[in-house]
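Descriptive analysis of the structure
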Amino acid sequence: DLRKRIEIMAEHIARNGPDFEETVRQKNVNNPQFAFLYNGEGADYYRHMLSTHRGAPPPVAAHAHQAACASPGAGAGGANLAELVRRWPEPPFYPLAADLERQLGEVIASLEPMASRDLVRNGRAWVECNSAMATQIAGHIANRLPFLNTCPHRLHVLYLVHDVLQTEAARRDGSPKALIRAFKPFLPWMLRPCFQAAMAASPNGDESGKVMRLLQLWVERAILDPREADEIRVLVAPPELPRPPPAQAARPMHVPPPAPPPAVCGAGAAAAYGTPMPTPLGGRPGMMHMPVPQGMAQGMA
């Protein structure tokens, strides 16, 4: 029956990890017996069993929102919400070079219809190619998210951020996690407008749950530790936050040290974006990396 099927599936997925869950979801997208994987009948019980097997607290979305509204002063581990706002201040905003800002805008715009694997992968490649400007890029993404018109578009941009973070976290070459370090201070302020818009549009919908699910994935991939994830969850959920201290009340426009020249990541991309780079010594023109987004198949759930 449905209950037994959910319990077996939750046990297998908890044991084999998120990649196995994604494979199961792709193979059973049209199978009504597994509708609980897509927020159909039994979805709440499935999430409960999955959390139980993983030894984690149950997933939060509408419940976290309601709890935050009921007791806005309480935070993770009993921390006061105002204390968390001080602990996770909105980072300063750094300007990007005009060409990079335009290209980032095109990356974000390309994700409006859907977050296909090709679009997300191409966006990640652009971020990685310009990793010297990671802090500026993270700030611009955080600033643009509240102004995207639809909840799905905001969620698709979060999937791009997720892909950037999890790809770097998966590397075992001992290299410093520069992108994770640059993006982490912005994560509450990326998730918050997405979660709040999803709750406003559909309090019982699945998009708010998908936003919170990213926090769980980031803990599983060692991008965040559990305490950081709990604190961010508390900051994301309430409709309003206490005002930060006066020194943090405004996001100052700081000008960082002179930026390094844009990275050269191979030819081809600039033909679509019209961004030729100076000809290097070898005589072949280098081009700023920005692959043309291709493919429109849904790549992430």
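Okay, so let's go over this structure. Going along each chain's sequence as written, the residues are numbered from 1 onward. Where local features are concerned, this predicted model is filtered to residues with pLDDT of at least 70; where side-chain atom pairs are given and counted, the filter is 80 or more; whole-chain, interface and lining totals use all residues. Computation of side-chain values covers all heavy atoms of the structure but excludes hydrogens and water.

**Overview of the overall build of the protein**
As a reminder of what qualifies: Helical segments are the DSSP runs of H or I of at least four residues, strand segments are the runs of E of at least two, and each set is numbered from the N terminus. A 1.4 Å probe rolled over the protein chains alone gives each residue an accessible area, and that area as a share of the maximum for its type sets the label: buried under 20%, exposed over 50%, partly exposed in between. Whether two residues touch is decided by their heavy atoms; if any such pair falls within 4.5 Å, the residues are in contact.
Of the regular secondary structure elements, the protein holds 14 helices and zero strands. Residue burial in the protein is summarised as follows: out of 301 residues, 43% are buried. In the protein, the share of contacts with a sequence separation of at least 24, taken over all contacts with a separation of at least 6, comes to 73%.

**Looking at empty space enclosed by the protein**
This is how the line gets drawn: Detection works on a 1 Å grid of protein atoms alone, calling trapped sets that fit a 1.4 Å probe cavities and calling open sets with protein on both sides within 12 Å along at least five of seven lines pockets, with lining residues defined by an atom within 4 Å of a point. Grid points are joined across faces, edges and corners, and a volume is the space filled by probe spheres set on the points. As a working rule, the residues Ala, Val, Leu, Ile, Met, Phe, Trp, Tyr, Cys and Pro are called nonpolar, Asp, Glu, Lys and Arg charged, and the rest polar, with Gly in that last group.
Taken as a whole, this structure holds one cavity of 30 Å³ or more when the rule is applied. Cys 151, Leu 155, Cys 194, Ala 198, Glu 207 and Val 211 are the residues that line the largest cavity. Sorting the residues of the lining of the largest cavity by element identifies α9 (151-170), α11 (187-201) and α12 (207-220) as the ones contributing at least two each. Within the lining of the largest cavity, the residues separate by chemical class into five nonpolar, no polar and one charged.

**Looking at the environment of Val 234**
By secondary structure assignment, the location of Val 234 is in helix α13 (residues 226-236). With relative accessibility at 18%, the residue Val 234 sits in the buried group. In the structure, Val 234 is positioned 153 residues away from Leu 81 in sequence and 7.6 Å away in space, judged by C-alpha atoms.

**Focus: the pattern of salt bridges**
As a reminder, the rule being used: Between Lys or Arg on one side and Asp or Glu on the other, a salt bridge is scored when a side-chain nitrogen of the former is within 4 Å of a carboxyl oxygen of the latter.
Throughout the structure, instances matching the rule amount to 16 salt bridges. Across the salt bridge formed by Glu 83 and Arg 87, the nearest N and O atoms sit 2.3 Å from each other. With Glu 83 and Arg 87 both in helix α5 (residues 81-87) and four residues apart, this pair spans about one turn of that helix. By relative accessible area, which is 31% here, Glu 83 ends up partly exposed.

**Quick look at unusual backbone geometry**
The phi angle at Ala 222 is positive, at roughly 60°, despite the residue not being glycine. Note that Ala 222 resides in the loop between α12 and α13. Relative accessible area serves as the criterion here: at 62%, Ala 222 is assigned to the exposed category.

**Brief notes about the packing of helix α6 (residues 98-110) against helix α8 (residues 134-144)**
Which entries qualify depends on this criterion: With axes taken as lines fitted to C-alpha atoms, and helix axes fitted only over the stretch in contact, angles between N-to-C directions fall between 0 and 180 degrees. By the definition adopted for this analysis, an angle is roughly parallel if under 35 degrees, roughly antiparallel if over 145, roughly perpendicular if from 65 to 115, and oblique otherwise. What makes a crossing left-handed is the near helix being turned counterclockwise from the far one by less than a right angle; a clockwise turn instead makes it right-handed.
In contact at an axis separation of 11 Å, α6 and α8 are set at 50° when each is read in the N-to-C sense. Judged on the interaxial angle alone, α8 and α6 are oblique. Considering the relative orientation of α6 and α8, their crossing is right-handed. Contacts from Glu 101, Leu 104, Gly 105 and Ile 108 of α6 reach α8 at Ile 137, His 140, Ile 141 and Arg 144. Its residues placed into classes, the contact of α6 with α8 shows four nonpolar, two polar and two charged.

**Observations concerning the state of the cysteines**
Inclusion rule: A pair of sulfur atoms, both from cysteines and within 2.5 Å, is called a disulfide here.
According to the stated counting rule, one finds zero disulfides in the structure shown. Not part of a disulfide, Cys 194 finds its nearest cysteine sulfur in Cys 151, a span of 8.2 Å.

**Comments concerning α9**
Defined as follows: Expected span of a helix, by definition, is 1.5 Å for each gap between consecutive residues, and there is one gap fewer than residues. Counting of polar contacts relies on pairs of N or O atoms within 3.5 Å, with two restrictions inside protein: one atom must be capable of donating a hydrogen and the other of accepting it, and residues adjacent in sequence are counted only when both atoms are side-chain atoms.
For α9, built from 20 residues, the straight-helix expectation of 28 Å at 1.5 Å per residue is met to within 8% by its first-to-last C-alpha distance of 28 Å. Judged by how many residues are buried, α9 sits mostly within the fold: 17 of 20 residues are covered. The distance from a side-chain oxygen at the start of α9 to the backbone nitrogen of His 153 is 3.2 Å, and the residue carrying that oxygen is Thr 150.

**Side note on the nonpolar core**
Operational definition: To form a nonpolar core, buried Ala, Val, Leu, Ile, Met, Phe, Trp, Tyr and Cys residues must be joined to one another through side-chain atoms within 4.5 Å.
Ranked by internal contacts, the top residues of the largest apolar core, which has 57 residues, are Ile 137, Ile 141, Leu 158, Phe 183, Met 190, Leu 191 and Trp 218. Ranked by the residues each element gives to this core, the list is headed by α9, at nine residues. Counting residues in each nonpolar core, the second largest holds eleven residues, with Ile 13, Val 24, Leu 37 and Met 49 among its members.

**A closer look at the packing of α11 against α12**
To characterise two packed helices, one gives the angle between the axes of the helices and the distance between these axes. Taken N-terminus to C-terminus, the directions of α11 and α12 make an angle of 155°; their axes are 7 Å apart at the nearest point. The orientation of α11 with respect to α12, classified from their angle, is roughly antiparallel. Here Leu 187, Leu 191, Cys 194, Phe 195, Ala 198 and Met 199 of α11 come into contact with α12, specifically with Glu 207, Ser 208, Val 211, Met 212, Leu 214, Leu 215 and Trp 218.

**A word on the packing of aromatic side chains**
What describes a pair of aromatic rings is the distance from one ring centre to the other and the angle between the planes of the rings. In plain terms, the rule: Note on ring pairs: Phe, Tyr and Trp rings are taken, using the six-membered ring of Trp, and paired if centres are within 6.5 Å. Classes follow the plane angle, with under 30 degrees stacked, over 60 edge-to-face and the rest tilted.
For the coordinates displayed, the defined rule picks out two aromatic pairs. Consider the rings of Phe 34 and Phe 36, whose centres lie 5.9 Å apart with planes at 50°: the pair is tilted. Judged on exposure class, the residue Phe 34 and its partner Phe 36 are both buried.

Honestly, it's all geometry; don't read function into it.
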